[in-house]
Structures are given as C-alpha cells and as structure tokens.
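# Structural description and commentary
Each chain, letter by letter, is given below.
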Amino acid sequence: MTRNRNILVVSKTPELAEITGKAMEGSVEVDYASNETEALAKIRATRPALVILGDMEPPGAVARFCRELRAGWISRHSSLLLVDLNPNLDSHRILGEEFPEEVIAEHDFLAGSSGAVISQESLLPRLKERIVSKLQEKENRLKASILDPHRFSLIWEQIPGLGAFEVRQEMVLENAGKAAKGERVSAISVTDNPGGNPAIATEILCCEISKLGVEPLVHLAFRDKGRNQCESLLYQLAAMEIHNLLVLTGDYPGNTGFEGTSRPVFDLDSVTGLRLISEMNRGMEHEIMRKKTKLAPTDFFAGVAFSPFKQEEAEVMGQYYKLEKKIEAGADFIITQVGYDVRKLHELQLWLKAKKHEIPVLTSIYVLPYSTAQAMNANHVPGCVVTDQLLPQLARESTGPDKGRIARLDRAAKMYAIALGLGFSGVYISGQGLQYEGLEYIVDKGQELLGRWPDLIHEFNYPRENGFYFFQADEKNGLNLEAPAARKQKAVHSPVYYLSRVIHALVFERASPLFKMLRPLFRSMDSRRTPRKVFGSFEYWSKAVLYGCVNCGDCALYDVAYLCPVSQCPKNQRNGPCGGSNNGWCEIYPNEKKCIWVRAYLRLKAQNREDTITEQIVPPCNWELWQTPSWLNYFMGRDHVSRRFGIESSAKVIERS
C-alpha cells in the first residue's frame, strides 16, 4: 500500500478545490472542506498528504487553524500550503497577523469590472509545481529509489553499539550526515542488537538519521520482542514517520547482556511479522470490549533478508520455500545475505523469474577484512558465507602495506559492477569501520568497471564444497541455465513420521469416521475437570516420548513434518528455517543438532511432499492455550490447525493441567 497522496483543500468557497483539481489533472485525489470542523474530521479520517488552506472566515482564522494543525497529533503529519487567490485584498484580513512560512501569493491577475480576478493560466503551473514539491517532501525516497527500474539504490549499513553517549553512536550519525550531503545513499540501515547483543535501540538512531535528511532503514528483529511489543514499536515508528523496515528473525541472543545471556523470545518469525505489518498497512482491526475498531492504515515499506549461499539441498530449498512465504506475506523487497558466489546470486533471479515474482532485490556487499572473514568462515556470523577457498586469498592481502584495504574496496567495487550488470535493483553495503570516502570509492570504481562486468564473474567463484545449486551451471558465462538441477540429497524414512501420518488420517481428518465418533466424546471430556486433566497427562507424556512435546497447546507438529518447533528449534521457526544453519546443522548447536527444517524437508521428500512446505503460512503460537491439551483444542476448534480445516469452535473452556 502506498502513502496517501490525497489533498484536502480548506476554503470558504470550493473555487480553490476546483483550481487545485485542474492543476493536478487527476493525478491525485482532491477533497474539499468548507470550515475547520469539517476539515479536522476529514484529516483524522483520511490523513491527507497535503492540506491547502485558502480564504477562511473570520479574519485571522487561517493563521489560527494553521497553528492548530501543526499542534495536532494526526494533522501535523500532513504538509501544509497556503494559497491566496485574492492578493489584491488586505492579506492581514485573510491570513491574520502571523504568516506561516508556506505562503503562496499569486500576483498575476487580469482586471475585470468586478475587481481583480486571478489568471488561471498563470496560476495553474505554479500551483502544480508547489504541490508536487510538497508531496515530494513526504515521499519515501528509499521506496521510490528501489521501485524505479531506472535507478540503482544504495543502502549503507551502520552498526550501533552499547551505551547511550558513546563515540560509536556519534560515528553512526556523522556517517549519516555525510551520506545526506553526498546524495548518493538511498538509506542508512541501522542494525538491531547485532550479534544478539544489547545496543542502543535502532529506532532512536533512525529518528535522528531522518532529521539529517536521509532515509533510515530500521531493522526489526524478533529475537527479543513479543508480538505486542512489535505492534507497539510499529505504531511508534509510524508516528515518527519512519516507514522503511528490514524484517528479520534475528540472531540468537549473545552472552554480553546483563548477568549473561538473555532469554530468547522469537514470538513472531519474519513471515508472521510481515503479516502483522501488512495488516497494519491495510488498517488493522482490533476487537476491544466486543467492539471492532479499525485503525488508521500505516505505510511501511518492508524488506526481508535471504541467504542463497547454503550448502545442502535441504538448506537451499528451505530458504526458497520460506522466501515464497515472505513474498506472500507482503515483502516489498529482498536483500541477500553476505556471500561471494555470483552463481548463487544469479539463481535467485532465475527463481524469481520462474515463479513470476516481480520484487526488487538488492545484493549485499561486505567490505571484508581477514579477521571478519575468519569469523564468517567459522559461522560465527550466522548466514554470512566465506568459503575455505576465499580465506587464503584474504590472508595474503592482509599482509600488504595497507593491510589489504584497497584490495577489499576493489573487491566490493567489482561486486557493485556485477550487481549493476546483472540488473539488480541496488546494493546493500556494510563493513566495520567503512568511511564515506571508501563508500564513494566503491561506487565510482564500480561504475568504471561496469563495461566489463561479465569478465569479473570468474573472480567470484567461491562455491561451498559439494554445494547444491537450484539451477544447472552455464559453462559459457559462469552463471546458470534456466533448467533446474537434479535434487539428489537422500530422503529420510522416519517411522515416527509415517506412524504420525497414519494416526492423523484415521483420527484427525474431518472426513474420517473416528473423528466424527470422537468429537462428542472429547466435547464431554473438555467440559469436565478430572477427565480433561487425565487426558491431558496422557497426551503430554505420549507426545513427549515421540516428539519432545512441551505442551504448548497450539501444536505445530503437522506443519513441520511431525517435528516440534517449540522444543527442537531454538528460534521456534514454524514457517521455514532461519538463515543461520550451516552444513545442515542448527546454528546454536553446530555438529550436535540438525536444523529441524532440514530434517522436515528430508522426511517430506521421502513421499515427494517437500514442496508442500510453501502451502500454508503458519500463525504464531497462541499462548492462551499454553499447557492445555492440544488434541482437545483441535477437536474443539481452538487451535490454528482446526481453523485451517474449518472445524467449528465449541465453547472455549481453557484450563491448564
């Protein structure tokens, strides 16, 4: 959804509204109010991008109303423009003693017998110019840049640190100021508690960045936030007119917090977080005291991260399955993770083309020093990939007189040229200690190298060992053919999975005879404390043995090939894998626990059902059902799976065992 571009004209006569409509030639919607009361009601209902004030009664009403609009919680978000169609009259009578800055006084007019009449031929182009200028002031410049096929966006990442008054925060704002003056950067991106460690809140710095005249990009990571806090934060950002988001699952909590590692939250994932944002953009409905209230729509422009650089087939496919859900949930643009394999970037383009998704993609460019490369190689920066083949080259470069600085910048410039040549929508440039001068070097050098970008592809051929590619290789240019590659990873035949499938078909399918027989029994059991408690204990212990159940009450076993995301995934991922797995291992338990979505893919592949992962966006856990029997919740129509299958809800009796 785009920001409202409607205009409200407030004047004692409709003449100014008619002239405004004629000037804008139908390109925007023009509404009209004849007095202050009507105007305030329309402003609160439609939140116009621009309010035009003309002649109002009594004398001084315009200046007074101007101050009122600037002070209003809702009205102050609209731009303001004053137009005087009768400049020959006493302006103090019309505008009052105090003139706001935004005053247009047209002095070209024709003489007539009834007095001065404004010349529309002279007024219209100038009025249109001022209106367009005012609307552009409210334009989301990052959004305009990314969505314009003739522009190449540049986002520059800044990493805040601990503390409120530290030099690191000052450096972030200094860099943002330079970016605003240089006018090359489309947005400044501020990370949210990088590495899962506490840092100053990203929204605070983004507010300051916005004041400097450059668009901020807020990282919204769900590691530390419950859904209520996320919603409240989004209200706050909308009120501060910060609209650009990068929606992330988030790193697992680090150990530098107060008294050690904080408890992870992960109440939402990136898919369900996008659904929340999409609902807010449409004007979300809440039911309070049995009364539905529809909120004013927001105008968020939400991007997502995507890692094409995974190694195993199950990991690669899992990333694409989840990206499918992110796009369905409302993602507006994609930023790739860090990696140095152009084939992997190109296969993302081919996948989007095959799926007929028209969504902008920005490639991530990290100005890579050897020390950071070592950490990425060891998967200490989850999702970022530096292979064993690339590491020795960076080690050699680091021994030079400048410790590899120019080599790092040149590598980034070559990636910039390749991204531009391949037709990506822009780049996302990051790197510890990267100065604005280095950023300019990358852009200028990248533009210089653009003419020979195909020759640079071979310099970024750093595949994972035995890594899976979605598409077959094109030996001629080092990229990919449009033909999908064979999926050869061996499926896993799990007895628990097969048993669970059979039980589900016999007991839980609505059409099965057992479902119809058991539902009245379960309804009776659900209404009585002792039978419910006994049954809940039986269910819990049987599922604990088979699945490691923790009795969440809103069971997602059916969604993850009968693997429990609450007990077996540290990030509680119900819609697909996070970006942190490495060689199939969970990022939190490397070489100890396989990612549950790798396991789910291989189980489903045994029945050629792996593509069903994309079929449903799974809602977050309903914590109202915590520690209640999930089977009863299903049969009584209280959990998310029963709603999906159209099982009508019975009386809502929820009592924890």
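Not measured: the values here are computed from a predicted model.

## Re the packing of aromatic side chains
Counting across every chain of the model gives 26 aromatic pairs. A ring pair is formed by Phe535 and Trp631, whose centres lie 6.0 Å apart and whose planes are at 55°; its orientation type is tilted. Of this pair, Phe535 sits in helix 20 (residues 529-547) while Trp631 sits in helix 23 (residues 630-635); the two residues are 96 residues apart in sequence, bridging distant segments of the chain. Using a relative accessible area of 23% as the deciding quantity, one classes Trp631 as partly exposed. Aromatic rings pair up to connect Phe508, Phe515, Phe522, Phe535, Phe538, Trp631, Tyr634 and Phe635 into one cluster. The ring of Phe470 has Arg487 sitting right over it, with the charged end atom 5.8 Å from the ring centre. When the ring centre of Tyr589 is taken as reference, the NZ or CZ atom of Lys593 above it lies at 4.5 Å.

## Considering the pattern of salt bridges
On inspection of all chains with the given rule, the structure shows 29 salt bridges. In this structure, Lys128 engages Glu25 in a salt bridge whose closest nitrogen and oxygen atoms are separated by 3.1 Å. On the criterion of sequence distance, the pair formed by Lys128 in helix 5 (residues 120-137) and Glu25 in the loop between helix 1 (15-24) and strand 2 (30-33) is long-range, its members being 103 residues apart. Measuring nitrogen to oxygen at the nearest pair gives 2.7 Å for the salt bridge that ties Asp559 to Arg644. Of this pair, Asp559 sits in the loop between helix 20 and helix 21 (565-568) while Arg644 sits in helix 24 (residues 640-644), and the two are 85 residues apart along the sequence. With a relative accessible area of 14%, Asp559 lands in the buried category.

## Overview of helix 11 (residues 313-329)
In this model helix 11 runs 24 Å from its N-terminal to its C-terminal C-alpha over 17 residues, within 8% of the 24 Å that 1.5 Å per residue would give. Of all the 17 residues making up helix 11, 16 are buried; the element is thus mostly covered by neighbouring parts of the structure. In the stretch just after helix 11, Gly330 is the one whose phi turns positive, near 125°.

## What to know about helix 22 (residues 596-605)
Among the 10 residues that make up helix 22, 9 are buried, leaving the element largely enclosed by the rest of the structure. Of the positions making up helix 22, those classed as buried are Ile596, Trp597, Val598, Ala600, Tyr601, Leu602, Arg603, Leu604 and Lys605. If you follow the buried residues of helix 22, they end up packed against helix 11, helix 18 (495-508) and helix 21.

## Quick look at the sheet that holds strand 10 (residues 216-221)
Here 8 strands make up a closed barrel; going around it, the order is 8-9-10-11-14-15-16-17 and the pairing parallel. On average, adjacent strands in this sheet sit at an angle of 30° to one another, irrespective of strand direction. Bridge count between strand 15 (residues 333-336) and strand 16 (residues 361-366): 2 bridges; the pairing is parallel. Residue pairing in the sheet places Ile334 in a bridge with Val361 of strand 16. Against the sheet, helix 8 (residues 202-211) touches strand 9 (187-190) and strand 10, its axis set at about 170° to strand 10. Across the sheet, helix 11 lies against strand 14 (301-306) and strand 15, angled at about 175° from strand 14, the strand it touches most.

## Remarks on unusual backbone geometry
Residue Glu57 is joined to Pro58 through a cis peptide bond whose omega torsion reads -5°. Among the structural elements, Pro58 can be located in the loop between strand 3 (50-53) and helix 3 (61-71). Of note, the phi angle at Lys356 is positive, near 60°, even though the residue is not glycine. Looking at the secondary structure, you find Lys356 in the loop between helix 12 (342-355) and strand 16. On the basis of relative accessible area, Lys356 is assigned to the exposed category, the value being 73%. One non-glycine residue, Tyr562, lies in positive phi territory at about 60°.

## Structural notes on the nonpolar core
Ranked by internal contacts, the top residues of the largest apolar core, which has 116 residues, are Ile188, Leu234, Tyr340, Trp351, Leu368, Val386 and Ile429. In terms of residue count, the dominant contributor to this core is helix 15 (residues 405-422) (9 residues). For Val386, the contacting residues outside a window of four places in its chain are Tyr340, Leu368, Ala373, Met376, Asn377, Leu391 and Leu394. With 20 residues, the next largest nonpolar core counts Leu16, Ala23, Leu124 and Ile131 among its residues.

## A short note on the pairing of strand 16
For a regular strand, side chains alternate in direction, first toward one face of the sheet and then toward the other. For strand 16, the buried fraction is high: 6 of the 6 residues fall into the buried class. Judged by which residues are buried, strand 16 turns out to be covered on both faces: Val361, Thr363 and Ile365 on one side and Leu362, Ser364 and Tyr366 on the other are all buried. Regarding topology, helix 12 serves as the crossover connection from strand 15 to the parallel strand 16, and that connection is right-handed. Bridging between strand 16 and strand 17 (residues 426-430) involves 5 bridges; their strand directions are parallel. Bridge assignment links Leu362 to a residue of strand 17, and that residue is Gly426.

## Examining the packing of helix 19 (residues 513-526) against helix 20
For the pair helix 19 and helix 20, the least separation of the axes is 7 Å and the interaxial angle reads 115°. By the criterion of interaxial angle, the relationship of helix 19 to helix 20 is roughly perpendicular. On helix 20, the residues touching Phe522, Met525 and Asp526 of helix 19 are Pro531, Arg532 and Phe535. Residue classes in the contact of helix 19 with helix 20 are distributed as 4 nonpolar, no polar and 2 charged.

Rules used in this analysis
Note that residues are indexed from 1 along each chain, following the sequence as it is written. Owing to the predicted nature of the model, reporting of local features is limited to residues with pLDDT of at least 70; listing and counting of side-chain atom pairs is limited to 80 or more, with chain, interface and lining totals taken over all residues. As a convention, hydrogens and water are excluded, and side-chain values are obtained from all of the structure's heavy atoms. Aromatic rings from Phe, Tyr and Trp, with only the six-membered ring used for Trp, were paired whenever their centres fell within 6.5 Å, and each pair was classed as stacked if the ring planes differed by under 30 degrees, edge-to-face if by over 60, and tilted otherwise. Numbering of helices and strands runs from the N terminus; a helix is a DSSP stretch of H or I covering at least four residues, while a strand is a stretch of E covering at least two. Classification of residues uses two cut-offs on accessible area relative to the type maximum, computed with a 1.4 Å probe and protein chains only: under 20% is buried, over 50% is exposed, and between them is partly exposed. We call a charge positioned over a ring when the NZ of a Lys or the CZ of an Arg lies within 6 Å of the ring centre and within 35 degrees of the ring normal. A carboxyl oxygen of Asp or Glu within 4 Å of a side-chain nitrogen of Lys or Arg is what we treat as a salt bridge. For a helix, the expected span equals 1.5 Å multiplied by the number of residues minus one. A contact between two residues is defined here by any heavy atoms of the two lying within 4.5 Å. Note: two strands are recorded as paired if DSSP finds a minimum of 2 bridges between them. Comment: axis = line fitted to C-alpha atoms, over the contacting stretch for helices; angle = value between 0 and 180 degrees taken between N-to-C directions. We call a set of buried Ala, Val, Leu, Ile, Met, Phe, Trp, Tyr and Cys residues a nonpolar core when their side-chain atoms join them within 4.5 Å. Handedness of a crossover is defined as follows: orient the strands so they point away from the viewer, and if the path from the first strand over the helix to the second runs clockwise, the crossover is right-handed. The labels follow the angle: roughly parallel below 35 degrees, roughly antiparallel above 145, roughly perpendicular from 65 to 115, and oblique for the rest. Three residue categories are used. Nonpolar comprises Ala, Val, Leu, Ile, Met, Phe, Trp, Tyr, Cys and Pro, charged comprises Asp, Glu, Lys and Arg, and polar comprises the others, including Gly.

Everything listed here is a matter of coordinates, which is why it stays silent on function.
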